[in-house]
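A structural walkthrough
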Amino acid sequence: MTNETTVHPTPALAWGAATDAGRVRTGNEDAFVAQSMFFGVADGMGGHQAGEVASEIAATTLRDRLSAGAGSVDVAVAAVVEANAAIFQGAHNNLDQRGMGTTLTAMVVLPDQGSGTRLAVLNVGDSRTYVMRNGRLRRVTLDHSYVQELVSTGHITEQEARHHPRRNIVTRALGIEPSVRVDTWVMPLVRGDRYVLCSDGLVDEVDDDEIAAVLAVHPSPQSAAEELVAVANRNGGHDNVTVVVVDSLEGDAPPPDSADLAVDLAWDEGPPVERLIDAEAGAVGAEMPVAIPDQPAPAVLPSRGRFTMGTLMFTIALAAIVALTLTLVLVVRHGSGNTPAATSTSTTITSVEPTTTLSTTTTATSPPTSTTANPGP
Ligand code: MG
């Protein structure tokens, strides 16, 4: 690989990649890049095939900027910021593409500055990068997703997150805002390491143990990538699935402690308010900013709805009481005027059904309030 600005040699890497629309979707909105110095997976979102446009803009922009590696982490992040701006601009120039966005997980080779070749991993959204070392699979990236926030705050387990009804909601994506926060990790290139970059179409269908088992029996990165896609489809194939597998054939010797990945983490810490973006529909229809870390969104938003419903029920019950009372009074006044009618009025008011209904309704709506507001650990 040659480039006027490139000063570092191409490391010995072997790689393979596979992508598939899955067994449910008609189109494939994932995109990937697999070159000697740069690898990336983008999972597009948005209607009218706009997700396909968004992921392709990301792949093309990053391929242009990073195919010869990156001089520094800042250079790599700048390329992601540029891709974000291009998608954001495209979404605002074309009505059909409004709200489009894409996740991105990427890995780029950094120059050897005397301490060996290093890799930078970049992430926005819920696609993932893993490292397999000595037979053990570790996730490097942290998902920017609603369920990851629930896991991180102890509200649900990793296993529950895999089946959560809102697992499609991501909290960050390229193209949704004029600017984007990019998480980065820097780690040494270690001989024998295997890196896996994938869209959520893999991890939603195949758990980490099964991914590790497939990687262990496929020495060829291409056959490993193809088999992982095939397993995702056998397990359901509900989403587009993309896998890039990269093997390091050189670099530092593996450390004796296989648990030590020596990852230098550089999360982009921002304010705890992020957007909820439907990974299928894009930003359209999910415009509200929601504070997640301290108070899960379902505990806040529906409670406002329950308050409105309770008020409505109370008003209806009160109106029913007043109407019945007035009706009975009119009946009494226009009746024969005998004494039993007055007695009847008194008795009926005492046992007016809406009073009972109001009490029952209030009681019945209370349990869901506490259940939803406190999902429990
Ligand atoms: Mg997906």
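All values derive from a computational prediction rather than experimental measurement. (Residues numbered from 1 in each chain as written. Predicted model: local features only at pLDDT ≥ 70, side-chain atom pairs only at ≥ 80, totals over all residues. Heavy atoms only, no water.)

Structural notes on the overall build of the protein
- Tallying secondary structure elements over the protein gives 10 helices and 16 strands in all.
- Per-residue burial for the protein yields a buried fraction of 46% across its 377 residues.
- Surface accessibility of the protein: about 17,800 Å² in total, with carbon and sulfur atoms responsible for 58%. (Helix = DSSP H or I, 4+ residues; strand = E, 2+ residues; numbered from the N terminus. Buried < 20%, exposed > 50% of the residue type's maximum accessible area, 1.4 Å probe, protein only. Areas by Shrake-Rupley, 256 points an atom, 1.4 Å probe, with all protein chains shown as cover.)

Observations regarding the sheet that holds strand β11 (residues 194–198)
- Spatial ordering of the open sheet is given by β1-β12-β11-β7-β8, a layout of five strands whose pairing is antiparallel. Two strands close off the open sheet at either side, each with one partner strand: β1 (13–20) and β8 (136–139). Along the sheet, successive strands turn relative to each other by an average axial angle of 20°, direction set aside.
- Judged from the four bridges that link them, strand β7 (residues 128–133) and β8 form a sheet pairing that is antiparallel. (Pairing = 2+ DSSP bridges. Axes fitted to C-alpha atoms, helices over the stretch in contact; angles between N-to-C directions.)

Regarding the coordination of the magnesium ion
- Coordination of the magnesium ion by the protein comes from Asp43 (OD), Asp200 (OD) and Asp239 (OD), over a distance range of 2.1 to 2.2 Å.
- Written as a sequence motif, the donor arrangement for the magnesium ion is D-x156-D-x38-D. Note that Asp43 is positioned in strand β3 (residues 38–45) and Asp239 in the loop between α7 (221–234) and β12 (241–248), a separation of 196 residues in sequence. Each member of the pair Asp43 and Asp239 is classed as buried. (Donors = N, O, S within 2.8 Å, 3.2 Å for Na, K, Ca; no water.)

A short note on the environment of Val241
- Structurally, Val241 can be placed in strand β12.
- Taking the C-alpha atoms as reference, Val241 lies 8.8 Å from Asp43; in sequence the two are 198 residues apart.
- The residues contacting Val241, other than those within four sequence positions of it, are Ala18, Thr19, Asp20, Asp30, Ser199, Gly201, Leu202, Val229, Ala232 and Asn233. (Contact = heavy atoms within 4.5 Å.)

Describing the nonpolar core
- Among the nonpolar cores identified, the biggest contains 30 residues, and Phe38, Leu62, Leu66, Val80, Val108, Leu122 and Leu174 are the most heavily contacted of them.
- Those elements giving two or more residues to this core turn out to be β2 (30–34), β3, α1 (50–66), α2 (73–93), β5 (104–110) and β6 (118–124).
- If we ignore the near neighbours within four places in the chain, the residues touching Leu174 are Ala58, Val80, Ala83, Asn84, Ile87, Met100, Gly101, Thr102, Leu104, Val124 and Val180.
- By size, the runner-up hydrophobic cluster in this structure holds 22 residues, among which are Val214, Ala224, Ala225 and Val241. (Core = buried A, V, L, I, M, F, W, Y, C linked by side-chain atoms within 4.5 Å.)

Some words on the packing of aromatic side chains
- Taken as a whole and assessed by the stated rule, the structure comprises one aromatic pair.
- Summarising the aromatic geometry, the rings of Trp15 and Phe39 are spaced 5.4 Å apart at their centres and angled 70° between planes, so their arrangement reads as edge-to-face. Placement of the pair is Trp15 in strand β1 and Phe39 in strand β3, with a sequence separation of 24 residues. (Phe/Tyr/Trp six-rings, centres within 6.5 Å; stacked < 30°, edge-to-face > 60°.)

Some thoughts on α7
- Given a rise of 1.5 Å per residue, 14 residues ought to cover 20 Å, and the 20 Å separating the end C-alpha atoms of α7 matches this to within 8%.
- Those residues of α7 that sit buried are Pro221, Ala224, Ala225, Leu228, Val229, Val231, Ala232 and Asn233.
- Residue Gly236 follows α7 closely and has a positive phi angle near 145°. (Expected span 1.5 Å × (residues − 1).)

A word on α2
- Taking 1.5 Å as the rise per residue, α2 with 21 residues should run 30 Å; its terminal C-alpha atoms sit 30 Å apart, in good agreement.
- Three or more residues of α2 are buried, namely Val73, Ala76, Ala79, Val80, Ala83, Asn84, Ile87, Phe88, Gly90 and Ala91.

Re the confidence of the model for the protein
- Residues with a pLDDT of 70 or more make up 68% of the protein, whose mean pLDDT is 78.
- Low pLDDT (under 50) marks residues 1–7, which in the prediction has six contacts with non-local residues, meaning those over four places away or in another chain.
- Low pLDDT (under 50) marks residues 285–312, which in the prediction has 42 contacts with non-local residues, meaning those over four places away or in another chain. (pLDDT = per-residue confidence, 0-100.)

Considerations on unusual backbone geometry
- If you check the backbone angles, Asn134 has positive phi at about 50° while not being a glycine.
- Position of Asn134 among the secondary structure elements: in the loop between β7 and β8.
- Judged by its relative accessible area of 56%, Asn134 falls in the exposed class.

Digging into the packing of helix α6 (residues 208–217) against α7
- Two elements in contact, α6 and α7, have axes whose closest approach is 9 Å; the angle formed by their N-to-C orientations is 145°. Helix-helix and strand crossings are classified by hand; for α6 and α7 the assignment is right-handed. Residues Glu210, Ile211, Val214 and Leu215 of α6 pack against Ala224, Glu227, Leu228 and Val231 of α7.
- When the residues that make up the contact of α6 with α7 are grouped by side-chain class, the tally is six nonpolar, no polar and two charged. (Left-handed = near helix turned anticlockwise from the far one by under 90°. Nonpolar A, V, L, I, M, F, W, Y, C, P; charged D, E, K, R; others polar.)

Comments concerning the environment of Thr26
- On the secondary structure map, Thr26 appears in the loop between β1 and β2.
- Under the relative-accessibility criterion, Thr26 is labelled exposed at 85%.
- Distance from Thr26 to Asn240, taken between C-alpha atoms, is 9.2 Å for residues 214 residues apart in sequence.

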